[in-house]
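# Examining the three-dimensional arrangement
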Amino acid sequence: MTNLGLSAHVMRGENTQHWRVFRPRWRLTRDWLDPVPVPDEPADGFRRLIAVWLERFGPGTEDDIVWWLGATKGIVRAAFADLDAVPVTTEAGPGWVLPNDPLLDGVCTEVAPWAALLPVLDPTIMGWKQRDFHLGPHGPALLDRNGNAGTTAWWHGRV
């Protein structure tokens, strides 16, 4: 099934169980999507994923993206080069942003205080390997031994 999914022949359809149990019915991709999208070449796919990560979560370190994507450092470095990513300094060490990131122009303005309640495994907390900058001392209480996050309450960018 994994190979059929990766080759875009099948995809998960509707769930056959109640909301707490996920047992999807498998469907032919052509029955759900017309036309079936052509899969990216691996390098293009990695580059697109890393560009979206940097756009949403940047700046980020090489280790953050390697951890999040499960890729090699070589793949991430090649994507940085293809994206013309710009090195910056972060609290966690050397980081990267896209060349059009507002941080580079110094035009980032102060954001009004905000609050958010985020569910288990939300990408906001899961997007970085090193999370101390927004977790503070709460990391051990919020993360299991595999680094998976529980429910979090946020105030102005901090948990």
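Residues take numbers from 1 onward in each chain, read along the sequence in its written order. Given that the model is predicted, a residue must reach a pLDDT of at least 70 before its local features are reported, and side-chain atom pairs must reach 80 or more before they are shown or counted; all residues, however, enter totals for whole chains, interfaces and linings. Values reported for side chains reflect all heavy atoms of the structure, with hydrogen atoms and water molecules removed beforehand.

## Description of unusual backbone geometry
Residue D34 is joined to P35 through a cis peptide bond whose omega torsion reads 0 degrees. Starting at the N terminus, helices and strands are each numbered in turn, a helix being any DSSP run of H or I of at least four residues and a strand any DSSP run of E of at least two. Inspection of the secondary structure assignment puts P35 in the loop between helix 2 (29-32) and helix 3 (42-57). Each neighbour pair has its own omega, and for G58 with P59 the value is 5 degrees, a cis peptide bond. Within the secondary structure, P59 is located in the loop between helix 3 and helix 4 (62-69). For A8, which is not glycine, the phi dihedral falls at a positive 65 degrees. Checked against the element boundaries, A8 lands in the loop between helix 1 (2-6) and strand 1 (10-15).

## Focus: a nonpolar patch on the surface
Here, patches come from residues exposed beyond 30% relative accessible area and free of salt bridges, joined within 9 Å for like charges and within 5 Å for nonpolar side chains (Val, Leu, Ile, Met, Phe, Trp, Tyr). The method behind every accessible area is Shrake-Rupley, applied with a 1.4 Å probe, and residues are considered shielded solely by the protein chains displayed. Here a salt bridge means any side-chain nitrogen of Lys or Arg lying within 4 Å of a carboxyl oxygen belonging to Asp or Glu. On the surface, M1, L4 and W26 cluster together into a nonpolar patch covering about 300 Å² of accessible area. Residue placement: L4 occurs in helix 1. Classification of L4 by relative accessible area gives partly exposed; the value is 39%. Only protein chains enter the calculation, and the probe is 1.4 Å; a residue is then buried if its accessible area is under 20% of its type maximum, exposed if over 50%, and partly exposed in between.

## What to know about the pairing of strand 6 (residues 152-155)
Residues of strand 6 alternate between two faces, with T152 and W154 buried on one and A153 and W155 left unburied on the opposite face. Paired strands, in this sense, are two strands between which DSSP finds at least two bridges. Pairing geometry for strand 5 (residues 115-118) and strand 6, over 4 bridges, is antiparallel. Among the inter-strand pairings, L117 is bridged to a residue of strand 6, identified as A153.

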